[in-house]
Amino acid sequence: MCLICSVVCSRGQHTVLKAMNPLFPNGLILINVSFREGNSPDHHQNITYNQLLRSVCRCANALKLLGVKKGDRVAIYLPMIPELVYTMLACARIGAVHSIVVSNFTDLIELNMCSTDGVYRGDKLINLKKIASEALERCKERYVPVCCSLLSEEPLFTSNECEPEWMDSEDPLFILYTSGSTGKPKGVLHTVTGYMLYTSLTFKYVFDYHHDDVYWCTADIGWITGHSYITYGPLANGATSVLFEGVPVYPHVGRLWEIIEKYGVSKFYTAPTAIRLLMKYGREPLQRYDLSSLRVLGTVGEPINPEAWLWYYEVVGQQRCLVIDTFWQTETVKHLQLSKPNKNKVTCPFFGVQPAVLNEHGEELEGEAEGYLVFRKPWPGIMRGVYGNQERFESTYFRKFPGFYVTGDGCRRDKDGYYWITGRIDDMLNVSGHLLSTAEVEAALTEHPSVAEAAVVSRPHAVKGECLYCFVTLKDHKEFNRTLMEELKRKVREKIGPIATPDFIQNAPGLPKTRSGKIMRRVLRQIARNEKDLGDLSTLADPKVVEVLFSQRCEAAA
Ligand code: AMP
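Keep in mind that this is a model prediction, so the values were computed, not measured.

S.K.: Describe in detail helix α12 (residues 438–446), supporting the description with residues and values.
M.R.: In an α-helix, one full turn covers 3.6 residues, which means residues spaced three or four apart are oriented alike. Of all nine residues in α12, eight are buried, a share of seventy percent or more. Inspection of α12 places T438, A439, V441, E442, A443, A444, L445 and T446 among the buried residues, and these make up the whole buried set.

Right, here's the structure in full:
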């Protein structure tokens, strides 16, 4: 079944909510609440747990009225507003399996998902309704579209009570399509109890959550981080949290810091891509706000380069906060390692996590080593399958090294037994027989004061086999020229060695990223190789970036 959830979502959305929903009295704060911060700074709302329960029940009753029942799959296409959380939880309450589509997937047809109106992110209007209608038209043969407008008419007036459906612990809770940074998205299937257990437990211990904390995760709910650490983890712990609808630089570049001050956020969770974006604007925007409430700073999604780590620790956390680097995946739903403030080092595994490092032949490496990061033994929060494709599930995660869960990431274990993530195995390069990690080269490039962000991919080379093709995004007002290129090459040579000297360096005003902020290196590899058939780009946040990069690609070595 395919469900369309249509919500009126505009700059005046807060007013719409108040006007249409008598259950949201303004300004009433009880003990535990969610703070909802709109796209615009004057749109905010407090939602108590009691109100949340009633909204979820009403939404659950509305879904039932529409014919949704236990086991049905419900696709949700909504922006970052409370109704998204209500709809997810309403599905869970009646035993339906939700599948959330991030609200700017450009091609929904493979995902068979739909829904609606429009939303402002920053000053950009995204016409969700149009995208959803087109997708619906294309998949109407196979799915039953049901349209419901959550903020209008009868769904609002259903009962405030809805008996929860009794579920088996292994019943499916949701399907989530992974970011697909390396290929066509996969529908990762999670089940009720294992997922809930792991998200609530990791939330409590990894963020050291206490009752007087105010927690904020900036992720999109359409990404596993948002599912786990905006919806299920914090809510299962009765946490006070912030739900932010907007973007970090609207209406000004200090917006995140403003929100931290406004709500007294103590636990903050974001991605390296956001940190690098904000670093570009320097310290001044932070100095305007009081960030003394902060205690723990989390990061997730990509290896965090040392420059970004230090900025997070020193400038945002004022050298006072614990920085935790959480490595995990849509598939695993558990924090595999945590880090201490010691520069980009991912350290100890979370309870029950048993990592191992294997070489190409599947042999386990002891002590100091570099190789494939795998996990021994299953755990409750592990995915239960790839929706509709058992073969892909087995071949992707278990076939390469029988008896282990294969993360697809490389890692290094140092002499102290600490783990360092070196990036996706697919992103490793082999230059003249030397295996190089793209993450390390990128970290060297971003140490240069002019560079805001870097992405490195391989390009075939007649002599070396492969060589390095680097994309660099410069900080505001910095100029891309030959001197800079020479400095960057020198930097990499000094940090890693002459073997890693880049052959190509391209100025990249923007990088192709998924909505969750991951750089799509597959696309960059194709640009570097001038391969025009880019395959599935449905998870790309801004397709225009690709055209620009193609038009400026380097033909000759630098
Ligand atoms: P996703 O499931 O889409 O969130 O992607 C999971 C992948 O993101 C992992 O396999 C890693 O490649 C990468 N990743 C996530 N968190 C981290 C981290 N803290 N450090 C390095 N890589 C990470």
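S.K.: Pulling in residues and values, what's your account of helix α8 (residues 272–279)?
M.R.: Of all eight residues in α8, seven are buried, a share of seventy percent or more. Where α8 is concerned, the buried positions are P272, T273, A274, I275, R276, L278 and M279. Taken together, the buried residues of α8 touch α7 (255–263), β13 (267–270), β14 (296–300), α10 (306–316) and β23 (451–461).

S.K.: Outline the packing of aromatic side chains, supporting the account with residue identities and numerical values.
M.R.: Taken as a whole and assessed by the stated rule, the structure comprises 30 aromatic pairs. Arranged with centres 4.7 Å apart and planes meeting at 90°, the rings of F203 and Y215 form a pair that is edge-to-face. Of the two residues, F203 sits in helix α5 (residues 192–206) while Y215 sits in strand β11 (residues 214–217), which places them 12 residues apart along the sequence. Per residue, the accessibility class of F203 equals that of Y215, and both read buried. When the centroid spacing of 6.5 Å and the interplanar angle of 35° are considered together, the rings of F375 and Y405 count as tilted. A residue pair is termed long-range when its members are at least 10 positions apart, and F375 in strand β17 (residues 369–376) and Y405 in strand β19 (residues 404–413) qualify at 30 residues.

S.K.: So what's going on with the confidence of the model for the protein chain? Residues and values would help.
M.R.: Averaged over every residue, the pLDDT of the protein chain is 82; the share at 70 or more is 80%. No element of the protein chain has a lower mean pLDDT than helix α1 (residues 13–20), at 26, and none a higher one than β13, at 97. Confidence drops under a pLDDT of 50 for residues 1–31, and excluding neighbours within four residues, the segment shows 102 contacts in the predicted structure.

S.K.: Describe the site of the ligand, listing the residues and the values that go with them.
M.R.: Around the ligand sit 17 residues, and of these D325, Q329, T330, D409 and R424 come closest. Contact distances for the ligand include 2.5 Å between an oxygen atom and a side-chain N or O atom of D409. Isolated, the ligand exposes 490 Å² of accessible area, and the fraction of that covered by the protein chains is 94%. For the shell around the ligand, the secondary structure elements donating two or more residues are β15 (322–326) and β20 (419–424). In the shell around the ligand, the residues fall into six nonpolar, five polar and six charged.

S.K.: Lay out the layout of surface pockets in plain terms, naming residues and giving numbers.
M.R.: By volume, the second largest pocket is sized at about 1,300 Å³. If you trace the second largest pocket, you find 45 residues lining it, with V247, P248, L277, R515 and A541 closest to the centre. Sorting the residues of the lining of the second largest pocket by element identifies β7 (124–126), β13, α8 and β23 as the ones contributing at least two each.

S.K.: Requested: an account of the pairing of strand β16 (residues 355–358), with residues and values cited.
M.R.: Alternating positions in β16 separate into two faces, P355 and V357 on one and A356 and L358 on the other, with burial throughout. Sheet topology places β16 next to β17; four bridges connect them, and they run antiparallel. In the strand pairing of β17, L358 is matched with Y372.

S.K.: Break down the pattern of salt bridges for me, with residues and values.
M.R.: All chains considered together, the criterion is met by 23 salt bridges. Here D72 and K69 are joined by a salt bridge, their closest N and O atoms 3.7 Å apart. Classification of D72 by relative accessible area gives buried; the value is 12%. A salt bridge links K495 to E447; the shortest N-O distance between them is 3.1 Å. One end of the pair, K495, is in helix α13 (residues 482–495); the other, E447, is in the loop between α12 and β23, with 48 residues separating them in the sequence.

S.K.: Tell me about the environment of M279, and name the residues and values.
M.R.: With respect to the secondary-structure elements, M279 resides in helix α8. On the basis of relative accessible area, M279 is assigned to the buried category, the value being 13%. In the structure, M279 is positioned 196 residues away from K475 in sequence and 8.5 Å away in space, judged by C-alpha atoms. Residues in contact with M279, not counting those within four places in the same chain, are E307, A308 and W311.

S.K.: For the sheet that holds β19, give the residues involved together with the corresponding values.
M.R.: Within a sheet, neighbouring strands are paired by backbone hydrogen bonds and run either parallel or antiparallel to one another. Across the sheet, which stays open at both edges, the four strands sit in the order β16-β17-β19-β20 with antiparallel pairing between neighbours. With partners counted over all chains shown, the strands left at the sheet margins are β16 and β20, one partner each. Each neighbouring strand pair of the sheet contributes to a mean axis angle of 45°, computed without reference to strand direction.

S.K.: Tell me about the packing of α12 against α13, and name the residues and values.
M.R.: Orientation of α12 relative to α13, taken along the N-to-C sense of each, is 125°, at an axis distance of 9 Å. Considering their axes alone, α12 and α13 lie oblique with respect to each other. The two elements α12 and α13 meet at a crossing, and its hand is right-handed. Along the contact surface, α12 presents V441, A444 and L445, while α13 presents L488, K491, V492 and K495. Taken together, the residues of the contact of α12 with α13 sort by class into five nonpolar, no polar and two charged.

S.K.: Which residues make up empty space enclosed by the protein, and what are the values?
M.R.: Any empty space left between the atoms is revealed when a probe the size of a water molecule rolls over them. What the rule picks out here adds up to six cavities of 30 Å³ or more. Space inside the largest cavity adds up to approximately 160 Å³. Elements supplying a minimum of two residues to the lining of the largest cavity: β2 (33–37), β3 (44–48), α2 (49–65), α3 (82–94), α6 (224–236) and β12 (240–244). Taken together, the residues of the lining of the largest cavity sort by class into 10 nonpolar, four polar and one charged.

S.K.: Describe in detail the side chain of E453, supporting the description with residues and values.
M.R.: Checked against the element boundaries, E453 lands in strand β23. Classification of E453 by relative accessible area gives buried; the value is 9%. Of note is the side chain of E453, whose polar atom sits 2.9 Å from the side chain of R276. A distance of 2.9 Å separates a polar atom in the side chain of E453 from a polar atom in the side chain of K513. When sequence neighbours within four positions are dropped, the list of residues in contact with E453 reads T273, R276, T446, F471, V472, T473, L511, K513 and I519.

S.K.: How would you sum up the nonpolar core? Please name residues and give values.
M.R.: One finds L52, F207, I221, I224, Y229 and Y269 to be the most contacted residues of the largest nonpolar core, which totals 69 residues. When residues of this core are assigned to their parent elements, the largest contribution, eight residues, is made by α3. Those residues in contact with I221 that lie beyond four places of it in its chain are M80, L84, V85, M88, I100, G226, H227, I230, T231 and L243. Of all hydrophobic cores here, the second largest spans 30 residues; its members include V214, F244, M279 and L297.

Basis of the calculations
Residues numbered from 1 in each chain as written. Predicted model: local features only at pLDDT ≥ 70, side-chain atom pairs only at ≥ 80, totals over all residues. Heavy atoms only, no water. Buried < 20%, exposed > 50% of the residue type's maximum accessible area, 1.4 Å probe, protein only. Helix = DSSP H or I, 4+ residues; strand = E, 2+ residues; numbered from the N terminus. Contact = heavy atoms within 4.5 Å. Phe/Tyr/Trp six-rings, centres within 6.5 Å; stacked < 30°, edge-to-face > 60°. pLDDT = per-residue confidence, 0-100. Near = heavy atom within 4 Å. Polar contact = N/O pair within 3.5 Å; in protein donor to acceptor, adjacent residues only side chain to side chain. Areas by Shrake-Rupley, 256 points an atom, 1.4 Å probe, with all protein chains shown as cover. Nonpolar A, V, L, I, M, F, W, Y, C, P; charged D, E, K, R; others polar. 1 Å grid on protein atoms, 1.4 Å probe; cavity = no way out; pocket = protein on both sides within 12 Å on 5 of 7 lines; lining within 4 Å. Points joined across faces, edges and corners; volume = space filled by probe spheres on them. Pairing = 2+ DSSP bridges. Salt bridge = Lys/Arg side-chain N within 4 Å of Asp/Glu carboxyl O. Axes fitted to C-alpha atoms, helices over the stretch in contact; angles between N-to-C directions. Parallel < 35°, antiparallel > 145°, perpendicular 65-115°, else oblique. Left-handed = near helix turned anticlockwise from the far one by under 90°. Core = buried A, V, L, I, M, F, W, Y, C linked by side-chain atoms within 4.5 Å.

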